[in-house]
Amino acid sequence: MAERKQRSVDPASLEMLDLAAAAEIQTAWDRLDAQKTQCRFGREGLCCRHCFMGPCRVTEDGRGAQQGVCGATADTIVARNLLRHIAAGTAAHSDHGREIVRALLVAAEGKSPVYQIRGRAKLHALADEFGISREGRSDNEIAKELGKLLLDEFGKQDGELVNTRRAPEAQQKNWARSGGVPRGIDREVVTGLHTTTMGVDSDPEHLLLAAARTALTDGWGGSMIGTDVSDVLFGQPHPLRARVNLGVLKKDEVNILVHGHEPTLSDVMVAATRDPALLAEARAKGAKGINLAGICCTANEILMRHGVPIAGNFLQQELALMTGAVDVMLVDVQCVFPALTEFQRCFHTKVISTSPKADFRETLHLPFHEETAWETAKQIVREAIDAFTRREQGKVHIPDIQQGLVAGFTKEVVSEILGGRYRPSYRPLNDAIQAGRIRGVAGVVGCNNPKFPQDECHLAMVKELIRNEVLVVQTGCSAIACGKGGLLTPEAAERYAGKGLQEVCRAVGIPPVLHLGSCVDNSRILTACAEMVAEGGIGDSFDKLPVAGAAPEWMSEKAITIGMYFVASGISVVIGQSLPVEGSQFVVNFLTRTLEKHFGATWAFEPDPVAAARRMIDHIDRKRADLSLPPPMYEVPYAPQHLEAAATA
Ligand code: SF4
Ligand code: MSK
């Protein structure tokens with residue numbers, strides 16, 4: 001069994017894990033232990049179940065069969081499996097994007113009182129970008145045309161995704177040369193599944209380039225559309241202060257936790273929990289108010305736009321229920337443990353599922369439809385008020401631990417903050433990078449995984465990066481981890497950042513680590529890089545920029561897809577546990593070396609977060625040297641004891 005300190009570095013999580021151990025309640029960490037040794041064939045990508053002459057397990061080294069019944073080699077099987085993971089990740093993000101566009105159309109057609117265009121400036125910017133006339137037309141008319149254009153991107157049969165035009169010319173040429181130009185979103189997912197069925201594609205190189213193209217469809221398609229349209233529908237985020245960790249739950253209020261990914265319902269929940277009539281109903285039942293908080297990425301969405309507090313990241317979903325203070329846990333799609341429903345047996349909490357795509361056994365299922373979102377949201381609040389009356393105060397244990405943070409950064413906000421509202425520009429950022437005050441930019445994103453102590457890798461990596469003058473941008477559960485660790489505050493610059501980065505943060509009043517949103521919002525990193533290229537002076541393509549990406553505690557297929565679209569866009573990526581490809585030396589070489597010649601970037605696998613940060617810094621330094629940029633303005637002390645301090649602080 002993993003020791004206590006191997007499970008988490010978050011004090012709130014540790015407090016709840018002690019409670020779980022005392023009460024003999026199982027969590028993800030216990031279930032990981034119960035797996036004993038995990039299957040090596042699965043871990044290395046060597047198991048094929050694509051037809052039923054199999055399942056086949058193969059090896060390259062003669063430990064067993066070297067080919068499947070059909071003759072597929074390890075190289076083929078590993079590459080095929082990777083493409084399937086990426087197709088699944090693309091499907092998840094893109095289906096999310098599609099739902100947001102559908103909600104935009106509901107708003108534009110005036111079919112729901114709760115959905116309205118709140119991001120007018122973004123709507124107009126997108127209309128201009130896509131050639132939609134604004135002359136004499138209402139916002140709803142413009143939104144309707146935009147929504148239809150974007151919805152067509154999913155089922156597009158001919159041509160390329162419109163957003164690929166946002167990429168620098170060099171990236172577009174790379175994609176064309178490698179057969180990687182992303183086409184219709186659904187088409188790439190379907191083609192990826194077809195090409196990997198029994199007896200279709202067996203060329204590992206061809207399969208891996210198809211995997212890159214499929215991932216690009218997510219990054220420049222489904223996810224980017226999801227982000228853009230969320231900004232139109234729910235409003236563009238702006239920097240705001242909020243709080244994070246389990247201590248945001250309130251003993252004397254109705255607590256509703258949203259968990260999952262899609263903002264369509266969670267955003268409506270914000271309004272419902274502030275509704276005066278419902279607040280009066282809660283007070284009549286003895287509650288002091290209604291407290292909405294979140295877990296995972298749907299929480300990031302409403303944090304960014306409304307300052308709603310975050311109760312925790314991925315590995316805290318069960319621990320939150322164990323506080324005994326959650327009246328309703330509202331789940332939609334992605335990253336939701338089926339195990340959550342079991343907590344209903346020990347606690348009064350009601351788990352309510354809402355997506356027609358995701359039902360859970362023993363939950364109350366209230367299917368969510370855009371047209372009736374307000375009624376559903378009010379019903380959920382009433383369920384929570386009802387559950388509150390059954391809360392057993394003797395079982396309530398809320399760790400008194402929470403942390404302040406600043407969130408709400410976007411591509412637009414960064415340029416406004418740096419250049420000013422009337423002259424928004426990336427020039428000051430590029431200047432700071434050119435001068436060596438900021439060494440480069442790193443995107444640190446992704447999940448928790450019980451194979452690593454929760455949050456430890458995120459914190460150690462990000463501290464090492466900012467200490468070395470690298471500005472960090474974050475999304476997803478990684479951003480929540482660093483929020484809990486106090487890194488998303490302007491004060492963190494004084495405590496942890498190198499001198500040059502400190503000067504920039506102090507001058508502009510920003511944290512050294514910027515929260516950019518949820519997992520689909522990784523597309524914001526792509527568009528921010530496009531702005532940096534367009535501004536000039538630090539490289540005319542993504543692969544020349546002094547930037548790098550990482551996902552130190554990843555666990556989801558979506559994370560593989562994100563990593564692949566970063567790499568295929570020219571941004572090298574380091575991840576913690578390796579991809580499930582180590583059964584094929586060809587595939588490992590292709591991902592870690594050959595992709596450089598196709599896209600100018602590669603994957604790297606490094607479980608030690610500080611060593612991984614050093615690899616990113618070395619990569620950034622190589623890019624700086626290629627651009628003839630000077631070394632960092634201030635020398636950063638670099639010695640083994642500093643690495644240890646960064647890893648454990
Ligand atoms: Fe085995 Fe080939 Fe069927 Fe895969 S496709 S299960 S390797 S026979
Ligand atoms: S929620 S995909 S655990 S980041 Fe987006 Fe967190 Fe990873 Fe889910």
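What you are looking at is a predicted structure, and each value in this text was computed from that prediction instead of being measured.

(A) The arrangement of the overall build of the protein chain in detail. Along its length, the protein chain carries 26 helices and 16 strands. Radius of gyration (C-alpha) of the protein chain: 24 Å, near the 26 Å computed for a compact globule of 649 residues. Dimensions along the principal axes, computed over C-alpha positions, put the protein chain at roughly 65 × 65 × 55 Å. Within the span of the protein chain, comprising 649 residues, buried residues form 64% of the whole. Sequence separation of at least 24 residues holds for 75% of the intrachain contacts in the protein chain that already meet a minimum separation of 6.

(B) Geometry of the site of ligand 1. The environment of ligand 1 is made up of Cys48, His50, Cys51, Met53, Gly54, Cys56, Gly68, Val69, Cys70, Ile77, Arg80 and Met198. In terms of residue class, the shell around ligand 1 is made up of 8 nonpolar, 3 polar and 1 charged.

(C) Representation of the site of ligand 2 within the structure. Neighbouring ligand 2 are 13 residues; His261, Cys297, Cys335, Cys477 and Cys519 lie closest to it. For the shell around ligand 2, the secondary structure elements donating two or more residues are α12 (296-306) and α19 (476-484). A breakdown of the residues in the shell around ligand 2 according to their chemical character gives 8 nonpolar, 4 polar and 1 charged. A domain split of the shell around ligand 2 shows at least three residues from each of domain 2 (246-395) and domain 3 (422-631).

(D) Region of the structure containing the side chain of Thr489. Structurally, Thr489 is set in the loop between α19 and α20 (490-496). Note on Thr489: relative accessible area 6%, which makes it buried. Here Thr489 is in contact with Gln403, Gly404, Leu405, Pro511 and Pro512, once residues within four sequence places are set aside.

(E) Seen up close, the packing of aromatic side chains. Counted according to the given criterion, the structure contains 6 aromatic pairs. Looking at Arg31, its charged tip hangs above the ring of Phe337, at a distance of 5.7 Å from the centre. Taking the ring centre of Phe347 as reference, the NZ or CZ of Lys395 above it sits at 5.6 Å.

(F) Focus on the packing of helix α11 (residues 276-284) against helix α15 (residues 373-388). Running from N to C, α11 and α15 point in directions that differ by 10°, and their axes come no closer than 10 Å. Looking at the two axes, α11 sits roughly parallel to α15. Two secondary-structure elements touch here, α11 through Leu278, Glu281 and Ala282 and α15 through Lys378, Val381, Arg382 and Ile385. Looking at the contact of α11 with α15, its residues break down into 4 nonpolar, no polar and 3 charged.

(G) View of the packing of helix α22 (residues 522-535) against helix α23 (residues 557-568). It is the contact of α22 with α23, at a shortest axis distance of 11 Å, that shows an interaxial angle of 10°. Our classification of the angle between α22 and α23 gives roughly parallel. In contact with Asn522, Ser523, Ile525 and Leu526 of α22, α23 contributes Ile562, Tyr565 and Phe566. A class-by-class count of the residues in the contact of α22 with α23 yields 5 nonpolar, 2 polar and no charged.

(H) Quick look at a nonpolar patch on the surface. On the surface, Met53, Val69 and Met198 cluster together into a nonpolar patch covering about 290 Å² of accessible area. Tracing the chain through its elements places Met198 in the loop between α8 (185-195) and α9 (204-234).

(I) Seen up close, the pairing of strand β14 (residues 547-551). Counting buried positions along β14 gives 5 out of 5 residues, so the element sits mostly inside the fold. Burial along β14 is two-sided: Val547, Gly549 and Ala551 and Ala548 and Ala550, pointing in opposite directions, are all buried. Taken together, β14, α23 and strand β15 (residues 573-575) constitute a β-α-β crossover, and its handedness is right-handed.

(J) Here's a closer look at the domain arrangement of the protein chain. Taken as a whole, the protein chain is organised into domain 1 (74-234), domain 2 (246-395) and domain 3 (422-631). With both chains or domains summed, domain 1 and domain 2 bury close to 1400 Å², and 57% of this area falls on carbon and sulfur atoms. Of all residues in domain 1, the largest losses of buried area upon contact with domain 2 belong to His96, Tyr115 and Phe234, amounting jointly to 39% of the total for that side. Connecting domain 1 to domain 2 are 5 salt bridges. Of the charged contacts, one joins Lys357 and Glu99 as a salt bridge, the two residues approaching to 2.6 Å between their closest N and O atoms. Where the side of domain 1 that touches domain 2 is concerned, the elements lending two or more residues are α4 (74-108) and α9. Broken down by element, the side of domain 1 that touches domain 2 gets its largest block of residues, 9 residues, from α4. Across the side of domain 1 that touches domain 2, the residue classes break down as 7 nonpolar, 4 polar and 6 charged.

(K) The arrangement of the environment of Ile575 in detail. Turning to its location among the elements, Ile575 is positioned in strand β15. With 25 residues separating them along the chain, Ile575 and Ala550 place their C-alpha atoms 5.4 Å apart. Discounting chain neighbours no more than four positions away, the residues touching Ile575 are Ala551, Trp554, Trp603, Ala604, Phe605 and Glu606.

Rules used in this analysis
- Residues numbered from 1 in each chain as written.
- Chains lettered and ligands numbered in written order.
- Predicted model: local features only at pLDDT ≥ 70, side-chain atom pairs only at ≥ 80, totals over all residues.
- Heavy atoms only, no water.
- Helix = DSSP H or I, 4+ residues; strand = E, 2+ residues; numbered from the N terminus.
- Rg over C-alpha atoms; globule rule 2.2 N^0.38 Å.
- Buried < 20%, exposed > 50% of the residue type's maximum accessible area, 1.4 Å probe, protein only.
- Contact = heavy atoms within 4.5 Å.
- Near = heavy atom within 4 Å.
- Nonpolar A, V, L, I, M, F, W, Y, C, P; charged D, E, K, R; others polar.
- Domains from an automatic or database assignment.
- Phe/Tyr/Trp six-rings, centres within 6.5 Å; stacked < 30°, edge-to-face > 60°.
- Lys NZ or Arg CZ within 6 Å of the ring centre and 35° of its normal.
- Axes fitted to C-alpha atoms, helices over the stretch in contact; angles between N-to-C directions.
- Parallel < 35°, antiparallel > 145°, perpendicular 65-115°, else oblique.
- Patch = residues over 30% accessible without salt bridge, like charges linked within 9 Å, V, L, I, M, F, W, Y side chains within 5 Å.
- Areas by Shrake-Rupley, 256 points an atom, 1.4 Å probe, with all protein chains shown as cover.
- Salt bridge = Lys/Arg side-chain N within 4 Å of Asp/Glu carboxyl O.
- Right-handed = clockwise from strand over helix to strand, strands pointing away.
- Buried area = accessible area lost by both parts, 1.4 Å probe.

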